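Residues per chain are reported as follows:
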Amino acid sequence: MNTGLLVAAGAARADVVFRQERRAAARRPAPAPLWLAAARRPAPAPLWLAAAAAAAAGCGGQVVFTPGSDAANRPPDAAVPSLDGGPDGGAGGDGGGEAGAGGANPCGGASALLGVGATCGPCRIVACAGPDATRCAYNPGPACPAFTNATASAGLSAPFNSLREDSGPGVGVLDVNDDGALDLVHAGRETPVVYLADAPGAATFTRLSSAGALDAAPSGNGVVPVDLDADGRLDLALTSPPVLRSFSVWRSLGDGTFADAAVGPAAELEKGGNGMAWADYDGDGDLDVYVATFSQMDASHLLRNDDGVLVDVTDAAGVELTGARSFEPAWLDYDLDGDQDLLVSNDIPFFTGVPMTLFRNEGDGTFIDASLPAGAGWEIDGMGIAIGDPDGDGDPDVYVTNVAGVPLAGINNILMMNQGDGTFLEESRARGADQVRWGWGTTFFDFDNDGDEDLFYADEPRSPVPLSGCVLLRNDGGGYFSDVSVEAGADVQFATFAAEAVDIDGDGDLDLLLTGRANAPPLTLLLNNGTPGRWLEVELLDHGANRFGIGATVRAGAGGAVQTRWVRAGDSIQGGVPPVAHFGMGWAPRADFVEVRWPDGGVTTVYGVPLDQRVVVTR
């Protein structure tokens, strides 16, 4: 074990054992104390002044507060501001009432002022009286949605040809021009479409008229960011439909353009594909890739990286899926033996005879089919795959979407909970995750930064499925979920396909980026409106060919609770995001430790890590 080097993202690498700096100002201004101001907004005036401002405007505005009565949210001995600034007074009643002169905040002590003119929240001031607005009636309003559809304001609403008959387009998120902002690469109809972010944190984009050699790249299916030349800059791997018969890798030049990267013999790459996932399955230090293929024209294939050349070793490794119609692969160490195993979702098993398949890595470059003994060989129309740890026990659990064509014994999507002994138990119904939809892309992510992973999946409304709309499941603790899709503003009603959770605007909470199918908009951006919880992002920087530590396990501990994330390249369905581990930290003052178990088994641990920033752990 070593303590490594920890620096804030964007800071210069220095020869010190431990160094941390706040993220650049462009990412987020320094927050006021949590009991006084929302971290996402400038420090507000005292609450009584805000009420007075509403009164001065004729009491036409509505002032919204969030309750913050628990002392843990305030500094020791901190007084809770009252609506009139006085030290004492009567409180309003439950669910509606009036604060008397000198009265305390009727919501029990406000921790944050969300703004004037809002129409939602647990405590709205709806009428003010008195020359200094010291008497304000209040009542609960509807819950504020967690997400806002920002597609139009982000500049992403312009249509382009993105229709795929046999699948849907993926999307990759990465910084293509080294400016610190996250850009978007949509698979397009036949060639990729690139959107450059206008500035870090702006969440607005401009479509590139040209991306260099990438303009000639056949795509239409999968887009995954991955660093193949070990220069610390994410490149692009693309898959295309069978008619185009192409799998290609494109090297980022750091200026928004790309160059074709020669990564293997032409015969090895003239294959169509859908989703792909990268990992170092053979332990030689570089990244290999499994490409799933829906068409029976081309079988799915495992390409081993031999010193920068990708070689097809599918048959030799024992991962052939003859006749399968595969959509998405995922690497995970399900049996916790230190190497990467392979899960593949397969469609229409009643027709092909190939159900969802789990290959166990034998540690010698070969695999065996462990689907049945591990409890993973489900005969569903498998689509997207999410890997996470919603129950917080440190081993990878799996959620797989099903297009509802072949519900099995009433099961639609499946939630495989890892039992810690090399087996899974299907618990979708018991844990509230068995909604019937035509599901596609899916992801575990902590949207409310409360310290446990929630779950989202995309939906394509289709008959005969009776319900429609994307689904957001809030983790209520221990991996048990409640459907909050509607109240959170996440129930998109048109046909969506890929679903990626990523902090587009750099404010510390995870947003959702969706692609469309059929006649739906090509891109949809759901911006997270902000959560009171704190956060931490961990990026890895390793030596050798696997610079971003793909396949590493990252743990963050605070107050006795430990969260686990896995660094991956390729996820959800036919897409990918930067290889960064995001942790919602609730109200923890700091992370007691961050532990990285690197792909080769080495461990780096750092202690006392400040929150609300991205840190880079190096070795």
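Small disclaimer: the values here were computed from a predicted structure and weren't measured.

Details of the environment of Ser210
Counting through the fold element by element, Ser210 comes out in the loop between strand 11 (205-207) and strand 12 (223-226). In this structure Ser210 comes out as partly exposed when scored by relative accessible area, which is 36%. Separated by 46 residues in sequence, Ser210 and Gly256 have C-alpha atoms that sit 8.8 Å apart. In this structure the side chain of Ser210 is engaged in a polar contact, spanning 3.3 Å, whose partner is the backbone nitrogen of Gly212.

Re the packing of aromatic side chains
One pass over the structure, following the stated rule, counts eleven aromatic pairs. Residues Tyr281 and Trp331 carry aromatic rings whose centres are separated by 6.0 Å and whose planes lie at 5° to one another, so their mutual orientation is stacked. Taken as a pair, Tyr281 in the loop between strand 16 (276-279) and strand 17 (288-291) and Trp331 in strand 20 (residues 325-332) lie far apart in primary sequence, 50 residues in all. Assigned by exposure class, Tyr281 and Trp331 land together as buried. Centroid distance Phe445 to Phe447: 6.2 Å. Interplanar angle 45°. Geometry classified as tilted. The pair formed by Phe445 and Phe447 is uniform in burial state, with each residue classed as buried. Three or more aromatic residues joined by ring pairs make a cluster, and in this case those are Phe294, Phe327, Trp440 and Phe497. Against the face of Phe294 rests Arg325, its NZ or CZ located 5.2 Å from the ring centre. When the ring centre of Tyr480 is taken as reference, the NZ or CZ atom of Arg431 above it lies at 4.3 Å.

Describing the sheet that holds strand 28 (residues 439-445)
Spatially, four strands are ordered 28-29-30-31 in an open sheet, and the strand pairing comes out antiparallel. Two strands lie at the open edges of the sheet, namely strand 28 and strand 31 (481-483), each paired on one side alone. With strand direction ignored, the average angle separating the axes of adjacent strands in the sheet is 20°.

Some words on the confidence of the model for the chain
Averaged over every residue, the pLDDT of the chain is 78; residues scoring 70 or more account for 71%. With pLDDT under 50 throughout, residues 7-119 is counted as low confidence; its partners more than four residues away or in other chains account for 232 contacts. Low pLDDT, under 50, characterises residues 132-140; the stretch is placed with 51 contacts to residues that sit more than four places away or in other chains.

A few points about the nonpolar core
Formed by 53 residues in total, the largest nonpolar core has its most connected members in Phe247, Trp278 and Val538. Non-local contacts of Val538, meaning those with residues more than four positions away in its chain, are made with Val554, Val580, Ala581, Phe583, Val594, Val615 and Val617. Grouped together as the second largest cluster of nonpolar side chains are 28 residues, Phe327, Trp440, Ala488 and Ile573 included.

A look at the sheet that holds strand 7 (residues 147-149)
Reading across from one edge, 7-34-33-32 is the order of the four strands in this open sheet, with antiparallel pairing throughout. Edge positions in the sheet fall to strand 7 and strand 32 (496-502), since each has one partner strand and no second. Strand-to-strand twist of the sheet, defined as the mean angle between neighbouring strand axes without regard to direction, takes the value 25°.

Here's the deal with the side chain of Asp454
Along the chain, Asp454 falls in strand 29 (residues 454-459). The buried charged residue Asp454 lacks any salt bridge partner; its closest oppositely charged side chain belongs to Arg474, at an N-O distance of 6.2 Å. Within the local environment of Asp454, its side chain forms a polar contact with the backbone nitrogen of Phe447, the two atoms lying 3.0 Å apart. Setting aside chain neighbours within four positions, we find Asp454 in contact with Thr443, Phe444, Phe445, Asp446, Phe447, Asp448, Leu473, Arg474, Asn475 and Phe481.

A look at the pattern of salt bridges
Enumeration over the complete set of coordinates arrives at 15 salt bridges. Notably, a salt bridge pairs Asp434 with Arg429, separated by 3.4 Å at the nearest N-O pair. Look at Arg429 and you get exposed, because its relative accessible area is 55%. Asp600 is the partner of Arg619 in a salt bridge, and the nearest nitrogen-oxygen pair spans 2.8 Å. Placement of the pair is Arg619 in the segment after strand 41 (613-618) and Asp600 in the loop between strand 39 (591-597) and strand 40 (603-609), with a sequence separation of 19 residues. Given a relative accessible area of 53%, Asp600 falls into the exposed group. A single network of salt bridges, built from pairs that share partners, joins Asp178, Asp231 and Arg233.

Observations regarding empty space enclosed by the protein
Considering all chains together, one arrives at three cavities of 30 Å³ or more under this definition. Its volume calculated, the largest cavity comes out at about 550 Å³. Contributing to the lining of the largest cavity are 33 residues, with Phe444, Ala501, Asp571, Val577 and Val580 lying nearest its centre. Only strand 24 (382-388), strand 28, strand 32, strand 37 (561-566) and strand 38 (580-586) provide two or more residues apiece to the lining of the largest cavity. Here the lining of the largest cavity is built from residues that sort into 17 nonpolar, seven polar and nine charged.

Points about unusual backbone geometry
The phi torsion at Asp307 lies on the positive side, around 55°, for a residue other than glycine. With respect to the helices, strands and loops of the structure, Asp307 is situated in the loop between strand 18 (301-306) and strand 19 (309-312). Exposure remark for Asp307: the relative accessible area of 78% places this residue in the exposed category. Its identity is not glycine, yet Asp612 carries a phi of approximately 60°, on the positive side. Residue position: Asp612 is located in the loop between strand 40 and strand 41. With relative accessibility at 12%, the residue Asp612 sits in the buried group.

Considering the pairing of strand 25 (residues 397-402)
Most of strand 25 is tucked away: six of the six residues are buried. Judged by which residues are buried, strand 25 turns out to be covered on both faces: Asp397, Tyr399 and Thr401 on one side and Val398, Val400 and Asn402 on the other are all buried. Bridge count between strand 24 and strand 25: five bridges; the pairing is antiparallel. From the neighbouring strand, Ile385 faces strand 25, where its bridge partner is Val400. Note that strand 25 and strand 26 (residues 414-418) share three bridges and pair antiparallel. Bridged to Tyr399 within strand 26 is Leu415.

Remarks on the pairing of strand 35 (residues 534-541)
Along strand 35, eight of the eight residues are buried, which leaves the element largely enclosed by surrounding structure. Side chains of strand 35 alternate between two faces, with Arg534, Leu536, Val538 and Leu540 and Trp535, Glu537, Glu539 and Leu541 buried alike. Pairing geometry for strand 35 and strand 38, over six bridges, is antiparallel. Bridging from a neighbouring strand, Arg534 pairs with Gly586 of strand 38. Alignment of strand 35 against strand 41, held across six bridges, turns out to be parallel. Each residue of the ladder has a partner; that of Leu540, found in strand 41, is Val617.

The rules we used
- Every residue gets a number counted from 1 within its own chain, in the order that chain's sequence is written.
- At least 70 in pLDDT is required for a residue's local features to be given in this predicted model, at least 80 for side-chain atom pairs to be given and counted, and no such filter applies to totals for whole chains, interfaces and linings, which use all residues.
- Side-chain numbers here rest on the full set of heavy atoms in the structure, without hydrogens or water.
- Secondary structure follows DSSP: runs of H or I at least 4 residues long count as helices, runs of E at least 2 residues long count as strands, and numbering of each begins at the N terminus.
- We call a residue buried when its accessible area falls under 20% of the maximum for its residue type, exposed when it is over 50%, and partly exposed in between, using a 1.4 Å probe and counting protein chains only.
- N or O atoms within 3.5 Å of each other form a polar contact, as long as, within protein, one can give a hydrogen and the other can take it, and as long as residues adjacent in sequence are counted only when both atoms are side-chain atoms.
- Whether two aromatic rings pair depends on their centres lying within 6.5 Å, for rings of Phe, Tyr and Trp, where Trp uses its six-membered ring; planes under 30 degrees apart make the pair stacked, over 60 edge-to-face, and the rest tilted.
- A positively charged side chain is recorded as over a ring if its NZ (Lys) or CZ (Arg) lies within 6 Å of the ring centre. The angle to the ring normal must also be within 35 degrees.
- Two strands pair under a simple rule: DSSP has to find at least two bridges between them.
- The convention used is that axes are lines fitted to C-alpha atoms, helices contributing only their stretch in contact, and that angles between N-to-C directions extend from 0 to 180 degrees.
- Confidence scores here are pLDDT values: one per residue, from the predictor, ranging 0 to 100.
- Here a residue-residue contact requires only that any non-hydrogen atoms of the pair lie within 4.5 Å.
- Within this scheme, the nonpolar core is defined by two criteria: the residues are buried Ala, Val, Leu, Ile, Met, Phe, Trp, Tyr or Cys, and they are joined through side-chain atoms within 4.5 Å.
- In summary, the charge assignment counts Lys and Arg as positive and Asp and Glu as negative, without counting His or the chain termini.
- Between Lys or Arg on one side and Asp or Glu on the other, a salt bridge is scored when a side-chain nitrogen of the former is within 4 Å of a carboxyl oxygen of the latter.
- Computed over the protein atoms alone on a 1 Å grid, cavities are sets of points where a 1.4 Å probe fits but cannot get out and pockets are open sets with protein on both sides within 12 Å along at least five of seven lines; a residue lines them when it has an atom within 4 Å of a point.
- Grid points are joined across faces, edges and corners, and a volume is the space filled by probe spheres set on the points.
- Following the grouping adopted for this structure description, the nonpolar residues are Ala, Val, Leu, Ile, Met, Phe, Trp, Tyr, Cys and Pro, the charged ones are Asp, Glu, Lys and Arg, and the polar ones are all others, Gly among them.

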